[in-house]
Amino acid sequence: MAISRKHFIVLGPVLAVIFYGLLGHLGMPYLPAVTAAITLLTVIWWVTEALPIPATSLVPFVLLPLFGVADHKLVASALGSHVILLLMGAFMLSKALENSGAHERLALYMLKLVGVSSGRRLVLGFMLASGLLSMWISNTATTLMMLPIALAILSRVDNHRLTVALILGIAYAASLGGVGTPIGTPPNVIFMGIYEEVTGREFSFVNWLGIGLPVVLVTLPLMALWLTRSIRLDKSIEPPQVGDWRPEERRTLAVFALAILCWVTRKEPFGGWSGLFGVEGAGDGTVALGAVVLMFMVPNGRGGRLLDWQSAERVPWGMLLLFAGGIAIAKGFQASGLSDMMGAGLAFLTAMPLWLMLVLLCLSVTFLTEITSNTATATLLMPILAVAAESAGLDPMVLMIPAAMCASCAFMLPVATAPNAIAYGTGKVKIQEMVREGAVLSVLASLIIAAMSWLLLTN
């Protein structure tokens, strides 16, 4: 009989108990051993989705206090993390952007800017538009919005190579674009929360832009070049027309632009606006939620507001629980002493050249997320990599950031990401084509991220 997801509801606890017994037999003290077992149970249920991922994320909140690892108030504080408020605000802002339709206008303007006179320019234009949008809205929403535009154009062109390149390019760019900003994809926010939990230092919006944007700007054009090799068009292509601006589009983009400006200038230059006005206690989450309140206040020109609660309440609340579960696990690692033990066990990393460590890490995470949720993978790996980095005498961000980025670079399989599944669901891309193109691009992205991390984070 084949083992299905439901069997892991029972198998997960059984394996966790066996693991705890094995660690105890090897001499590990109670607290770190039970923390490791609770983490294993959580990971098994995350990976197999025996329970819904958000439901599994509640497990550390229940078991860490019950088994004496951490006080219930300590683990509950994970839900109050400022990065969760930042992400909640970002989700709501993206809903306002989608409601206004301004994201479609931005995409069409990007196409006109790049031009569609050749197959290569067409694919690059769509990929740039997808990458830009997915920095601010979910990669799923970006893909769902861009594909109908692309399919309308492809219906007038009989070129299978162009069809594959354009559909895959949109999906891949939607995943990669999220790497550019802290709010672009869940693993980025997971890194920020756990990094601050482990080090006590904030990793700001601008800090992330300094590494995320260069990675996207270098990787995306190279991906487009690979996908468009040997494409030839027999006739020119007409892009969709851009209509007149609507009031809600202008107003939504104005509030969004104000939020971005406040994120970028919060601490720089010369102390930023937080220093100028003496509000050093404000953070990136403050900006996000302030922009959300503005969206609720500003009229949309049609008798309503830029954002209403019916739209705002449709944000993925389960994702916020997943982040909180990861932060709770990190708290358990520290409270139990498991972090210190893992640090001693990972001391061998100090003998490995840093460039090799980064390459192996990036490739491993990229191919791991081909078969697992990138969010769950990042949630699991961040506390472990923080300890590994400290044991190697490195700032934890040196290993955590490339891993978070590579968690968004699984391009081979339809099950790896929602954009991949949507692209495959069009019926115009064979799985063999996705595997062939995605394998090369996954390796390419991993190597670029490793190289950029080595250049930007260690020098």
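Coordinates for the structure precede this section.
Below, the structure is looked at part by part. (Residues numbered from 1 in each chain as written. Predicted model: local features only at pLDDT ≥ 70, side-chain atom pairs only at ≥ 80, totals over all residues. Heavy atoms only, no water.)

**Remarks on the packing of aromatic side chains**
Right, so step 1: For the coordinates displayed, the defined rule picks out 11 aromatic pairs.
Right, so step 2: Geometrically, the ring pair formed by Trp136 and Phe256 is edge-to-face, given 5.9 Å between the ring centres and 85 degrees between the ring planes. Taken together, the residues span a long stretch of sequence, with Trp136 in the loop between helix 8 (119–134) and helix 9 (139–154) and Phe256 in helix 13 (residues 247–264) at a distance of 120 residues.
Right, so step 3: Trp136 sits in the buried class, given a relative accessible area of 15%. (Phe/Tyr/Trp six-rings, centres within 6.5 Å; stacked < 30°, edge-to-face > 60°. Helix = DSSP H or I, 4+ residues; strand = E, 2+ residues; numbered from the N terminus. Buried < 20%, exposed > 50% of the residue type's maximum accessible area, 1.4 Å probe, protein only.)

**What to know about the environment of Thr417**
Right, so step 1: Relative to the assigned elements, Thr417 resides in the loop between helix 21 (397–406) and helix 22 (418–425).
Right, so step 2: With relative accessibility at 10%, the residue Thr417 sits in the buried group.
Right, so step 3: Those residues in contact with Thr417 that sit more than four places away from it in its chain are Ser175 and Ala410.
Right, so step 4: Side chain to side chain, Thr417 and Asn420 meet in a polar contact 3.0 Å long. (Contact = heavy atoms within 4.5 Å. Polar contact = N/O pair within 3.5 Å; in protein donor to acceptor, adjacent residues only side chain to side chain.)

**So, the nonpolar core**
Right, so step 1: Phe126, Tyr172, Phe191, Trp263, Met382 and Ile401 are the most contacted members of the largest nonpolar core, which has 139 residues in total.
Right, so step 2: In contact with Tyr172, other than residues within four places in its own chain, are Met223, Leu227, Phe411, Asn420, Met434, Gly438 and Leu441.
Right, so step 3: One finds Leu23, Ala36, Ile53 and Phe333 within the second-largest nonpolar core, a separate group that totals 10 residues. (Core = buried A, V, L, I, M, F, W, Y, C linked by side-chain atoms within 4.5 Å.)

**Digging into the side chain of Glu370**
Right, so step 1: Mapped onto the elements, Glu370 comes out in the loop between helix 19 (354–368) and helix 20 (374–391).
Right, so step 2: Buried and unpaired, Glu370 has no salt bridge, with Arg436 as the nearest side chain of opposite charge at 15 Å.
Right, so step 3: A polar atom in the side chain of Glu370 sits 3.1 Å from the backbone nitrogen of Met412.
Right, so step 4: The residues contacting Glu370, other than those within four sequence positions of it, are Ala410, Phe411, Met412, Leu413, Val415, Ala416 and Ser442. (Lys, Arg positive; Asp, Glu negative; His and termini not counted. Salt bridge = Lys/Arg side-chain N within 4 Å of Asp/Glu carboxyl O.)

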